[in-house]
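Take a look at the letters that make up each chain.
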Amino acid sequence: MTTTTSQQELFQFLEDRFACAQACTDCARACALRASLVDPDGTENQELVRRKGIMCAEVCDATCRVLSEQNQVDEGVIRTQLEWCRQVCLESAHIFDQQPGAEDSAETCRACARACGEFLATLR
């Protein structure tokens, strides 16, 4: 492996890491907003949307923090966090798909899940 190749790989790794962190930030915002729009005294389904939105926002926020901690976190922890975030985002997207007006939030969740999966692939 040449120095140029390893530098290119490092740049790609950092770009993928940043893209994943940015997707997590966007998803956290969208999910927090979606949760805030739900009536706290609403139906059981609305309560599920609110809880999923809050959980997804918290997991995405935590994932972004893990990705921001440079080399202070072991790769196994990063993998576990990315997989957890990917799964929670997919679950949230599924719940949001069932809500009128939540299409953008669902797509943001799916985009975050894709970004986590893509970055996870670079760690293997």
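Scoring rules and cut-offs
Residues numbered from 1 in each chain as written. Predicted model: local features only at pLDDT ≥ 70, side-chain atom pairs only at ≥ 80, totals over all residues. Heavy atoms only, no water. Helix = DSSP H or I, 4+ residues; strand = E, 2+ residues; numbered from the N terminus. Expected span 1.5 Å × (residues − 1). Buried < 20%, exposed > 50% of the residue type's maximum accessible area, 1.4 Å probe, protein only. Polar contact = N/O pair within 3.5 Å; in protein donor to acceptor, adjacent residues only side chain to side chain. Patch = residues over 30% accessible without salt bridge, like charges linked within 9 Å, V, L, I, M, F, W, Y side chains within 5 Å. Areas by Shrake-Rupley, 256 points an atom, 1.4 Å probe, with all protein chains shown as cover. Salt bridge = Lys/Arg side-chain N within 4 Å of Asp/Glu carboxyl O. Phe/Tyr/Trp six-rings, centres within 6.5 Å; stacked < 30°, edge-to-face > 60°. Axes fitted to C-alpha atoms, helices over the stretch in contact; angles between N-to-C directions. Parallel < 35°, antiparallel > 145°, perpendicular 65-115°, else oblique. Left-handed = near helix turned anticlockwise from the far one by under 90°. Nonpolar A, V, L, I, M, F, W, Y, C, P; charged D, E, K, R; others polar.

Engineer: Is there a simple way to explain helix α3 (residues 75-97) in this structure?
Structural biologist: Since the α-helix packs 3.6 residues into each turn, any two residues three or four apart lie on the same face. With 23 residues, α3 extends 33 Å between its outermost C-alpha atoms, agreeing within 8% with the 33 Å of an ideal straight helix rising 1.5 Å per residue. Along α3, the residues classified as buried are I78, Q81, L82, C85, V88, C89, S92, A93, I95 and F96. Capping the start of α3, D74 holds a side-chain oxygen 2.7 Å from the backbone nitrogen of G76, two or three residues further along.

Engineer: What exactly am I supposed to notice about a nonpolar patch on the surface here?
Structural biologist: Together, L10, F11 and L14 make up a nonpolar patch on the protein surface, roughly 300 Å² of accessible area in all. Assignment of secondary structure puts L14 in helix α1 (residues 3-37). Of the residues examined, L14 reaches a relative accessible area of 40% and is grouped as partly exposed.

Engineer: Would you explain the packing of aromatic side chains in this entry?
Structural biologist: Describing an aromatic ring pair means giving the distance of the ring centres and the angle of the ring planes. Tallied over the entire structure, the rule returns one aromatic pair. Their ring planes at 45 degrees and their centres at 5.3 Å tell us that F13 and F119 sit as a pair that is tilted. Note that F13 is positioned in helix α1 and F119 in helix α4 (residues 103-123), a separation of 106 residues in sequence. In this structure F13 comes out as partly exposed when scored by relative accessible area, which is 26%. According to the relative accessible area criterion, F119 is buried, its value standing at 1%.

Engineer: Sorry, what's going on with α4 here?
Structural biologist: Relative to the 30 Å expected for 21 residues at 1.5 Å per residue, α4 spans 31 Å between its end C-alpha atoms, a close match to the ideal helical length. Those residues of α4 lying buried are S105, A106, C109, C112, A113, A115, C116, F119, L120 and L123.

Engineer: Explain the pattern of salt bridges here, please?
Structural biologist: Pairing between side chains becomes possible if they bear opposite charge and their charged atoms approach one another. Scanning the entire structure with this criterion turns up ten salt bridges. Put simply, R50 and E47 hold a salt bridge, and the shortest N to O gap is 3.0 Å. You can see R50 and its partner E47 sitting in helix α2 (residues 44-68), three residues apart, about one turn around the helix. For R50, a relative accessible area of 23% corresponds to the partly exposed category. For the salt bridge of R114 with E107, the shortest nitrogen-to-oxygen distance reads 3.0 Å. According to the relative accessible area criterion, R114 is partly exposed, its value standing at 43%. Judged by its relative accessible area of 36%, E107 is partly exposed.

Engineer: Whenever I open this one, the packing of α3 against α4 confuses me. Can you help?
Structural biologist: The description of two packed helices rests on the angle between their axes and on the distance between the axes. Interaxial distance between α3 and α4 falls to 8 Å at its minimum, and their mutual angle equals 155 degrees. One element, α3, and the other, α4, form an angle in the roughly antiparallel class. Regarding α3 and α4, the two cross each other, and that crossing is left-handed. Taken together, the residues of the contact of α3 with α4 sort by class into 15 nonpolar, three polar and six charged.

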